[in-house]
Amino acid sequence: MNPEHVLVPYQCADLPSGPWLIFAPHADDETFGMGGALRLAADQGIDTHVVVLTDGALGGDSVDAAQTAALVQTRQQELGAACALLGVSQNDTWDQPDRGLELASALIERITTAIADTGAGAVFFPGALELHPDHRMTAQLVWLAAQQLQRRAWRGPLPQFWSYEISVQSPVNRLVDITPVLATKQEAMAVYASQNSQNNYPELILALNTARTFSLPASVSHAEAFYHYSDAELGGSLHAATQAAVARYFAVPETKV
């Protein structure tokens with residue numbers, strides 16, 4: 001079977017060039033998934049832009065329209081506070097329904113336009129093996145937007161496309177050491193009181209970040225995990241790219257004769 005280093009990096013990665021454009025399904029995913037990397041990017045002078053696709057209306061215990069409206073406003077306020085701690089240059093919330101993201105051509109075009117208008121050097125989206133349907137749909141939407149950009153006349157290099165982990169481990173090929181900014185990520189996660197009342201999310205995220213140091217030096221206490229997709233991978237389907245990444249867990253290296 002393939003050895004470990006084929007499946008997971010044994011060294012920390014440098015951050016990609018900016019500006020960064022991060023697509024998050026819900027307010028909090030950007031912080032839970034890559035809050036450390038966002039803070040590191042800001043410290044390096046990289047502009048970061050966060051787009052939250054859904055209104056987050058189902059992320060609480062709302063029972064009527066007034067409570068739902070209040071929750072949406074609270075989540076937007078929490079997003080602003082968390083992004084301020086993480087040094088995010090700009091954040092925006094779109095109006096897609098929570099748990100209602102669909103493969104709509106207008107939404108794909110809006111994502112494509114956002115990438116072009118931002119002049120992004122790197123675009124981030126949730127991993128394809130996430131559990132929440134909005135997470136997986138966000139990955140599909142951004143993937144199709146990337147393919148639209150590939151088909152169009154584009155001046156200069158295309159952005160890099162990286163997926164990030166939020167709730168579960170996925171195949172990865174980049175690990176970012178967030179040890180120096182861990183306290184800031186913890187502070188930003190604590191901002192999301194409306195969501196943390198539903199589960200012990202910060203504790204779960206920190207456990208995931210700790211687990212991701214398995215292949216790294218002992219000096220790295222926490223790491224965030226990403227997958228940087230090649231232009232060739234982007235030319236096919238997200239399904240095919242994910243299948244190829246998973247297949248490496250089962251592949252047997254050729255034996256030299």
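What comes next concerns the included structure. Please read these numbers as outputs of a predicted model, since none were measured by experiment.

Cut-offs applied
For every chain, the first residue of the written sequence is number 1, and numbering continues from 1 onward in sequence order. Local features are withheld for residues below a pLDDT of 70 in this predicted model, meaning they are given only at 70 or higher, and side-chain atom pairs are given and counted only at 80 or more; totals for whole chains, interfaces and linings count all residues. To obtain the side-chain values, all non-hydrogen atoms of the structure were included, while hydrogens and water were left out. Buriedness for pockets is judged along seven lines, at least five of which must meet protein on both sides within 12 Å for an open set on the 1 Å grid over protein atoms alone, while cavities are sets there where a 1.4 Å probe fits but cannot get out, and lining residues have an atom within 4 Å of a point. Grid points are joined across faces, edges and corners, and a volume is the space filled by probe spheres set on the points. Secondary structure elements follow DSSP: runs of H or I of four or more residues count as helices, runs of E of two or more count as strands, with numbering from the N terminus. Any residue that is not Ala, Val, Leu, Ile, Met, Phe, Trp, Tyr, Cys, Pro, Asp, Glu, Lys or Arg is counted as polar, Gly included; the first ten are nonpolar and the last four charged. Aromatic rings from Phe, Tyr and Trp, taking only the six-membered ring of Trp, are treated as a pair when their centres fall within 6.5 Å; an angle between ring planes under 30 degrees marks them as stacked, one over 60 as edge-to-face, and anything in between as tilted. Only when the NZ atom of a Lys or the CZ atom of an Arg is both within 6 Å of the ring centre and within 35 degrees of the ring normal do we say a charge sits over the ring.

Quick notes on empty space enclosed by the protein
Enumeration over the complete set of coordinates arrives at four cavities of 30 Å³ or more. The calculated volume of the largest cavity comes to roughly 80 Å³. Lining the largest cavity, in full, are G127, A128, L129, S163, S170, P171, Y227, Y229, A241, T242 and A245. Per element, the largest residue contribution to the lining of the largest cavity is three residues, and it comes from helix α10 (residues 238-247). Partitioning the lining of the largest cavity into residue classes produces seven nonpolar, four polar and no charged. For the second largest cavity, the calculated volume is near 40 Å³. Considering the residues around the second largest cavity, the lining is formed by F32, G33, E165, I205, L208, N209, R212, A223, E224 and A225. Elements with a minimum of two residues in the lining of the second largest cavity: α2 (29-43), α8 (201-211) and β7 (223-229). Class assignment for the residues of the lining of the second largest cavity results in five nonpolar, two polar and three charged.

Here we look at unusual backbone geometry
A cis geometry characterises the amide bond from G18 onward to P19, with omega recorded as -5 degrees. Examined against the element boundaries, P19 turns out to sit in the loop between α1 (4-7) and β1 (20-24). Backbone geometry at D28 places phi at a positive 125 degrees, although glycine is not the residue there. Mapped onto the fold, D28 is located in the loop between β1 and α2. Unlike most non-glycine residues, R99 shows phi in positive territory, near 60 degrees. Mapped onto the secondary structure, R99 falls in the loop between β3 (90-96) and α4 (105-118).

Thoughts on the packing of aromatic side chains
This structure, assessed with the given rule, holds eleven aromatic pairs. Grouped by ring-pair contacts, the aromatic residues W20, F124, W162 and F226 constitute a single cluster. The ring of W162 has R174 sitting right over it, with the charged end atom 5.9 Å from the ring centre.

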